[in-house]
Amino acid sequence: MLGKIWFALMAAGFGWSLLQGEKGAFLQAAVSAGEASLSYGLKLAGILGFWLGIMEVAKRAGLVDRLAALSRPLIRRLFPS
């Protein structure tokens, strides 16, 4: 369903650019948006890898289990089932 919505938005944008006579502007905007999304994705992948490594070290050290035990009373009150 979301794919259909995105397709409709892209088709509307392309149609509007055709009506305005600015096909190049649509293509330029699409390419720059693709470059930006790839850049953000790579940055987030690096941050995710870093924090996954930190959490693996914390897990092996037993810190994750201790934090889970400390937060268990609060979690049980927030989510009783």
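On a predicted model such as this, the values are computed, not experimentally measured, just so you know.

**Quick notes on the confidence of the model for the protein chain**
Considering every residue of the protein chain, the mean pLDDT works out to 91; 100% of them sit at 70 or more. Across the protein chain, element-level confidence peaks in helix α3 (residues 63-78) with a mean pLDDT of 94 and bottoms out in helix α1 (residues 2-20) with 88.

**Structural notes on a nonpolar patch on the surface**
The grouping of M1, L2, I5, W6 and L9 at the surface amounts to a nonpolar patch, some 610 Å² of accessible area in total. The topology assignment puts I5 in helix α1. When its relative accessible area of 41% is taken as the criterion, I5 is described as partly exposed.

**Some remarks on α3**
Within an α-helix, residues lying three or four positions from one another point in the same direction, as the helix has 3.6 residues per turn. For α3, with 16 residues, the first-to-last C-alpha span of 22 Å sits near the 22 Å given by 1.5 Å per residue. Where α3 bends most, the angle comes to about 50°, and this point is R72, followed within four residues by the proline P73.

**Structural notes on the pattern of salt bridges**
Enumeration over the complete set of coordinates arrives at 1 salt bridge. R60 is the partner of E56 in a salt bridge, and the nearest nitrogen-oxygen pair spans 3.1 Å. With E56 and R60 both in helix α2 (residues 23-61), this residue pair falls 4 residues apart, about one helical turn. Residue classification places E56 among the partly exposed residues on the basis of a relative accessible area of 36%.

About the thresholds
Residues numbered from 1 in each chain as written. Predicted model: local features only at pLDDT ≥ 70, side-chain atom pairs only at ≥ 80, totals over all residues. Heavy atoms only, no water. pLDDT = per-residue confidence, 0-100. Helix = DSSP H or I, 4+ residues; strand = E, 2+ residues; numbered from the N terminus. Patch = residues over 30% accessible without salt bridge, like charges linked within 9 Å, V, L, I, M, F, W, Y side chains within 5 Å. Areas by Shrake-Rupley, 256 points an atom, 1.4 Å probe, with all protein chains shown as cover. Salt bridge = Lys/Arg side-chain N within 4 Å of Asp/Glu carboxyl O. Buried < 20%, exposed > 50% of the residue type's maximum accessible area, 1.4 Å probe, protein only. Expected span 1.5 Å × (residues − 1). Bend = angle between axes of the 7 residues up to and from the residue.

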